[in-house]
Amino acid sequence: MSASELLCQMIGNMPYKLTKRENLFLEAELFMRIHDELKEIFKIQHIEYLKLQKLNIGMEDVMLEGNFIRLIINDILLTEEYTLEGIACYTQTSEDVIHDIAVGNNLAPSFPLSRKIIEIHRTIRPDLYNNILKKILSTYTS
């Protein structure tokens, strides 16, 4: 289920009522908002490391942004539901590419690959994404 379909279910609107263009805009907006929320979660999780680095807020954001997919892969691995090999199989890419992202050698994976990695994350952490979507929804309905 796409993020836009999930949000549409939560707000009682069926995605087929939206035009294809509206669905694309909704999905892009959701992706940006989910990205921002996940980045904040990762910031909290790594607060001690960020303090040790003595980075200003702008540099913290740059570091989190550059390592975003790496952090997601590592969160997936922590659940032990997927291995690097499993992520590679699901994303139809080589294990070496996934490994390079996971260790920080590739900080700019392609968007289609990043999207597939986020799909895995969303399937194994549904409560996290549901809470994020509820938070997003509450900002739009307040």
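One can find the structure itself at the top, above this paragraph.
Bear in mind that the values here come from a model prediction, so they are computed numbers and not experimental data.

## Re helix α6 (residues 84–91)
Buried within α6 we find Leu84, Ile87, Ala88 and Thr91. The arc that holds the buried residues of α6, viewed along the axis, is 100 degrees, so those residues lie on one side. Set apart from the buried face of α6 by more than 90 degrees, the exposed residues are Glu85 and Cys89. In this fold, the buried residues of α6 make contact with α5 (68–79), α7 (95–102) and α8 (111–124). With its phi angle positive at about 55 degrees, Gln92 sits one or two positions after the end of α6.

## Observations regarding the side chain of Ser114
With respect to the helices, strands and loops of the structure, Ser114 is situated in helix α8. Those residues within four positions of Ser114 in sequence are excluded, and the remaining contacts are Ile69 and Pro109.

## Examining the layout of surface pockets
Estimated volume of the second largest pocket: approximately 190 Å³. Surrounding the second largest pocket, 16 residues form its lining, Glu65, Phe68, Ile69, Pro109 and Ser114 being those nearest its centre. Counting only elements with at least two residues in the lining of the second largest pocket, the list comes to α2 (20–45), α4 (57–66), α5 and α8. A breakdown of the residues in the lining of the second largest pocket according to their chemical character gives nine nonpolar, five polar and two charged.

## Points about the nonpolar core
In a soluble, globular protein the nonpolar side chains are often hidden away together inside. Core analysis: the biggest nonpolar cluster contains 27 residues, and Leu38, Ile72, Ile73, Ile98 and Ile117 have the highest contact counts within it. Elements with a contribution of two residues or more to this core: α2, α5, α6, α7, α8 and α9 (126–141). No other element matches α5, which puts six residues into this core. When neighbours within four sequence positions are excluded, Ile117 is seen to be in contact with Ile69, Ile72, Ile73, Ile76, Ile87, Thr91, Ile98 and Ile101.

About the thresholds
Residues numbered from 1 in each chain as written. Predicted model: local features only at pLDDT ≥ 70, side-chain atom pairs only at ≥ 80, totals over all residues. Heavy atoms only, no water. Buried < 20%, exposed > 50% of the residue type's maximum accessible area, 1.4 Å probe, protein only. Helix = DSSP H or I, 4+ residues; strand = E, 2+ residues; numbered from the N terminus. Arc of directions from axis to C-beta. Contact = heavy atoms within 4.5 Å. 1 Å grid on protein atoms, 1.4 Å probe; cavity = no way out; pocket = protein on both sides within 12 Å on 5 of 7 lines; lining within 4 Å. Points joined across faces, edges and corners; volume = space filled by probe spheres on them. Nonpolar A, V, L, I, M, F, W, Y, C, P; charged D, E, K, R; others polar. Core = buried A, V, L, I, M, F, W, Y, C linked by side-chain atoms within 4.5 Å.

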